[in-house]
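Inside the fold
The residues making up each chain are set out below.
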Amino acid sequence: MNYRKDIDGLRAFAVIPVIAFHSGIDFFSGGYVGVDVFFVISGYLITTLIYQEIRENRFTFMNFYRRRAARLLPALGITLLTVLIFGFIFYNNKVFDNLGKELFFSSFGAANILFAQGVNYFANDVAYQPLIHLWSLGVEEQFYIIWPIILLLTLKLSKNLTLCVVIVAFLISLSLSVYSVNKNLTEGYFLLHFRAFELLIGVLISLLLLHYKIAAVSDSIKRKLSLLGFVLILIPIFIYDENTNFPGYKALIPCIGSALIIAFPSDGFITKILSQKIFVFFGLISYPLYLFHQPLISFISFFDVKISALQLFFVVFIVCVTFSWLVYKYIECPIRKMVNKTNGKKSFLVLSGLVCTIPVFAIIGLFIAKNNGLESRFKYLNSFAAEVSEAHSTTFHKNFKRGYDVSPYQESSILFFGDSVLQHYVLPIKKALGADFKEIDTVTRGGCVLLKDVDFVEKYSDISCNKIREKLYENKKKYKFIFLSQAWTSYKDSVLNFSSDADDYYKWQKHLDITIKHFLNFADRIFIIAAHPRVDGTMSLQPSIMISKKSFLYNLNKIQIKNMNELIESRDFFMQYKKYERVSVIEPYDIFCNKKCVLKDREWSFFSDEKHLSSASTYYVEKRIYDLIKNNF
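Now for a quick tour of the structure. Everything numeric in this text was worked out from a predicted model, so none of it was measured.

1. Section: the overall build of the protein chain
Of the regular secondary structure elements, the protein chain holds 27 helices and eight strands. Here the C-alpha atoms of the protein chain give a radius of gyration of 28 Å, agreeing with the 26 Å that 2.2 N^0.38 yields for 633 residues. For the C-alpha atoms alone, the extent of the protein chain along its principal axes is close to 85 × 50 × 45 Å. Scored against the burial criterion, the 633 residues of the protein chain give a buried share of 57%. Intrachain contacts of the protein chain at a sequence separation of at least 6 include 80% that bridge at least 24 residues. Carbon and sulfur atoms make up 59% of the accessible area of the protein chain, which amounts to about 28100 Å² in all. The distance from the centre of the 70 positive side-chain charges to the centre of the 53 negative ones in the protein chain is 7 Å.

Listed below in structure tokens is the structure:
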């Protein structure tokens, strides 16, 4: 296959917007379409390479996968090892446990399958998502397993059959993708059968160029088509954003643009630009550059470094370009040359070593996940970190169950329903009321709105929010108390009943009204937990191997509420619910800012992160809630 500089240049124009998007630069709000450009390029190159080898009777699956291993595994192994070491040192048990699962799936090209079970690719949780970008590598690797087999079998029968199979598969995949977008299915973003149509566009271009000579047009037309292709890539980069219904039909625009550039190289401006040395250089290192940039962004975010999105982009770009070039020149190229050119003992040993990284990382990841994030590492390596971990642990998951946990057989006196913010008040309220565990029912899931008649976009969890909401309002049990709450200022795009720019509190009034009216039929008294404080400075308090008591206490004194004005202004909204005779409002502001704001005791923070309570807060919150509830009777 003839080498084309412009395709490497196109890779550069794919990876740079992705890095800009992940850095948070608003101007590149659709930079994620760079991944779709990569898909088209991969489909084209793999098909062209395999087709030519089949035609020359030299294709073997062994050689194909040997080249893929030499190409993909060195940089991937470095990425996984770096993230593993960072996580071992700095992550708390819960985050490291999640990382173990991600390592397990990422090691053998199945990260997309894991993330499809409940991860928001656009969630603003960068500090704990160093491997989220590996979903795309999973899509490609799964395609590499399936497509060579199909291509080999169909070509033996008929070239036209191959083309027909590709077209049919393209239409099926595109239809599935459109369906997933319309139904807001998380898996539609991550899984191969929803994304295959993008790779198949590259496949289709390859077959059309090889069979039907579609590029046999005048240079003038080629220049216009390649320019059109470049425009079709640029427009989504600057116009799309996280709210765009994607992939679906809208993914076709950058994909068709990529296909036009690949299919119609010319002596025109676009081909010349893409063939410039600087862009070819970035294209050559685009694979390690793509792998390395997200972990670095995640690490910087983890330490809460205060820099602008533009500054973050340049720091990440410079560091990752340097490191990627070193890996490409001194690791990737020598390994690829050795594996591709020789069949000797040395080549076998190198290839075996690369392949062995797959089960090694899988076993390590599984071990981490099966041992709750290696919680014993703090015990043996930093006893103070173990104390911090215990103080910051969640009280809900130790004592209650997520989802719909309502006993159908016994009477219950208290019902709690809401999201993860509500969860952290359950144990303190239970203690304040002197209730027994068997008296409590809970209907709760993180990132879930349970108010009545909410049209909620169901995403990102293994427990269906909509299903547990349905069961909640079918429940006819009587309760003495019902407590409800949620992260009121969240869910800007997850609730379709109001626009994302609507007022953060009053937009909930209709649904909160009908929810209260419904439950007044089943409760002696309803408590609404109002606006929740968001606390700045908790990132520096996370348990890690490196943490010391001195640094912890120093940072503990720096935590503060960062949404004070919002808490005060929200009072007018929640106080209106006192018009109901049997409805009370508990203000978290009154819990933590009675006379002065109290966010900690002498030893521990009352907040494990920006908005969730720590187990260390339980006694304090219990006493404050007891006083507040007592005042309502």
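Picking up where we left off.
2. Digging into empty space enclosed by the protein
Summed over all chains, the structure comprises two cavities of 30 Å³ or more. Volume-wise, the largest cavity comes out at about 40 Å³. Forming the walls of the largest cavity are Leu73, Leu76, Gly77, Leu80, Ser107, Thr357, Ile358 and Phe361. Going through the elements one at a time, helix 3 (61-90) and helix 16 (345-370) are the ones with two or more residues in the lining of the largest cavity. No other element matches the four residues that helix 3 contributes to the lining of the largest cavity. Considered class by class, the residues forming the lining of the largest cavity number five nonpolar, three polar and no charged. Empty space within the second largest cavity amounts to approximately 30 Å³. Every residue lining the second largest cavity is listed: Phe417, Gly418, Leu450, Leu451, Leu484, Ser485 and Gln486. Breaking the lining of the second largest cavity down by element, the ones donating at least two residues are strand 2 (414-418) and strand 4 (479-485).

3. Looking at the packing of aromatic side chains
Tallying each qualifying case throughout the model produces 64 aromatic pairs. Their ring planes at 55° and their centres at 5.4 Å tell us that Phe28 and Phe238 sit as a pair that is tilted. Within this pair, whereas Phe28 is found in the loop between helix 1 (5-23) and helix 2 (34-55), its partner Phe238 is found in helix 10 (residues 219-239), the two being separated by 210 residues in sequence. Owing to a relative accessible area of 21%, Phe28 belongs among the partly exposed residues under this scheme. Exposure remark for Phe238: the relative accessible area of 32% places this residue in the partly exposed category. Ring centres of Tyr473 and Phe519 lie 5.3 Å apart, and the angle between their planes is 45°; this geometry places the pair in the tilted category. Here Tyr473 is found in helix 21 (residues 465-474), whereas its partner Phe519 is found in helix 22 (residues 509-519), with 46 residues between them in sequence. When the ring centre of Tyr189 is taken as origin, the NZ or CZ atom of Arg195, which lies over that ring, is 4.4 Å away. Over the ring of Phe88 we find Arg377; its NZ or CZ atom is 5.9 Å from the centre of that ring.

4. Let's talk about the pairing of strand 8 (residues 583-586)
Residue alternation in strand 8 divides its side chains into two sets, Val583 and Val585 and Ser584 and Ile586, and both sets are buried. The pairing of strand 5 (residues 523-529) with strand 8 spans four bridges and is parallel. Bridge pairing links Ile528 to Val585 in strand 8.

5. Regarding the packing of helix 9 (residues 192-211) against helix 11 (residues 252-263)
Across the interface, helix 9 lies against helix 11 with an axial gap of 10 Å and an inter-helix angle of 25°. On the basis of the axis angle, helix 9 is roughly parallel to helix 11. Of the two elements, helix 9 crosses helix 11, and the hand of that crossing is right-handed. Across from Phe197, Glu198, Ile201, Ile205 and Leu209 in helix 9, the residues of helix 11 making contact are Leu252, Cys255, Ala259, Ile262 and Ala263.

6. Focus: the sheet that holds strand 2
Note: strands within a sheet are paired through backbone hydrogen bonds, in either parallel or antiparallel orientation. Read from one edge to the other, the open sheet built from six strands follows the order 1-3-2-4-5-8, with strand pairing classed as mixed. The two strands at the open ends of the sheet, each matched to only one other strand, are strand 1 (403-405) and strand 8. Mean inter-strand twist for the sheet, computed between neighbouring axes without regard to direction, equals 15°. Pairing geometry for strand 2 and strand 4, over five bridges, is parallel. Across the sheet, residue Phe416 finds its bridge partner in strand 4, namely Phe483. Its contacts with the sheet place helix 22 against strand 2, strand 4, strand 5 and strand 8, and it is angled at close to 155° to strand 5.

7. Brief notes about unusual backbone geometry
As a rule of thumb, non-glycine residues mostly have phi less than zero, and peptide bonds are mostly trans rather than cis. The linkage connecting Phe246 with the following residue, Pro247, adopts the cis geometry, with an omega of 10°. Mapped onto the elements, Pro247 comes out in the loop between helix 10 and helix 11. Phi at Asn57 takes a positive value of approximately 55°, unusual for a residue other than glycine. As for its position among the elements, Asn57 is in the loop between helix 2 and helix 3. Relative accessible area serves as the criterion here: at 72%, Asn57 is assigned to the exposed category. Even without being glycine, Asn372 reaches a positive phi, approximately 50°.

8. Structural notes on the pairing of strand 3 (residues 440-444)
A regular strand carries its side chains on alternate faces of the sheet. The buried count for strand 3 comes to five of five residues, which makes it a mostly enclosed element. Neither face of strand 3 is left uncovered, since the one carrying Ile440, Thr442 and Thr444 and the one carrying Asp441 and Val443 both have all their residues buried. Where strand 1 lies against strand 3, three bridges are found, and the strand directions are antiparallel. Following the sheet pairing, Tyr404 is matched in strand 3 by Val443. Two elements, strand 2 and strand 3, share five bridges in a ladder whose sense is parallel.

9. Observations regarding the state of the cysteines
Across all of its chains, the model carries two disulfides by this definition. Between the sulfur atoms of Cys448 and its disulfide mate Cys465 the distance is 2.0 Å. Of note, the bridge from Cys448 to Cys465 carries an S-S torsion of about 80° and is right-handed in sense. Of this pair, Cys448 sits in the loop between strand 3 and helix 21 while Cys465 sits in helix 21, and the two are 17 residues apart along the sequence. A residue is classified by how much of its surface remains accessible, and Cys465, at 0% relative accessible area, is buried. Across the disulfide, Cys593 is cross-linked to Cys597 (sulfur-sulfur distance 2.0 Å). Disulfide Cys593 to Cys597: torsion about the S-S bond roughly 105°, handedness right-handed.

What counts, and at which threshold
Residues numbered from 1 in each chain as written. Predicted model: local features only at pLDDT ≥ 70, side-chain atom pairs only at ≥ 80, totals over all residues. Heavy atoms only, no water. Helix = DSSP H or I, 4+ residues; strand = E, 2+ residues; numbered from the N terminus. Rg over C-alpha atoms; globule rule 2.2 N^0.38 Å. Buried < 20%, exposed > 50% of the residue type's maximum accessible area, 1.4 Å probe, protein only. Contact = heavy atoms within 4.5 Å. Areas by Shrake-Rupley, 256 points an atom, 1.4 Å probe, with all protein chains shown as cover. Lys, Arg positive; Asp, Glu negative; His and termini not counted. Charge placed at Lys NZ, Arg CZ, Asp CG, Glu CD. 1 Å grid on protein atoms, 1.4 Å probe; cavity = no way out; pocket = protein on both sides within 12 Å on 5 of 7 lines; lining within 4 Å. Points joined across faces, edges and corners; volume = space filled by probe spheres on them. Nonpolar A, V, L, I, M, F, W, Y, C, P; charged D, E, K, R; others polar. Phe/Tyr/Trp six-rings, centres within 6.5 Å; stacked < 30°, edge-to-face > 60°. Lys NZ or Arg CZ within 6 Å of the ring centre and 35° of its normal. Pairing = 2+ DSSP bridges. Axes fitted to C-alpha atoms, helices over the stretch in contact; angles between N-to-C directions. Parallel < 35°, antiparallel > 145°, perpendicular 65-115°, else oblique. Left-handed = near helix turned anticlockwise from the far one by under 90°. Disulfide = S-S within 2.5 Å.

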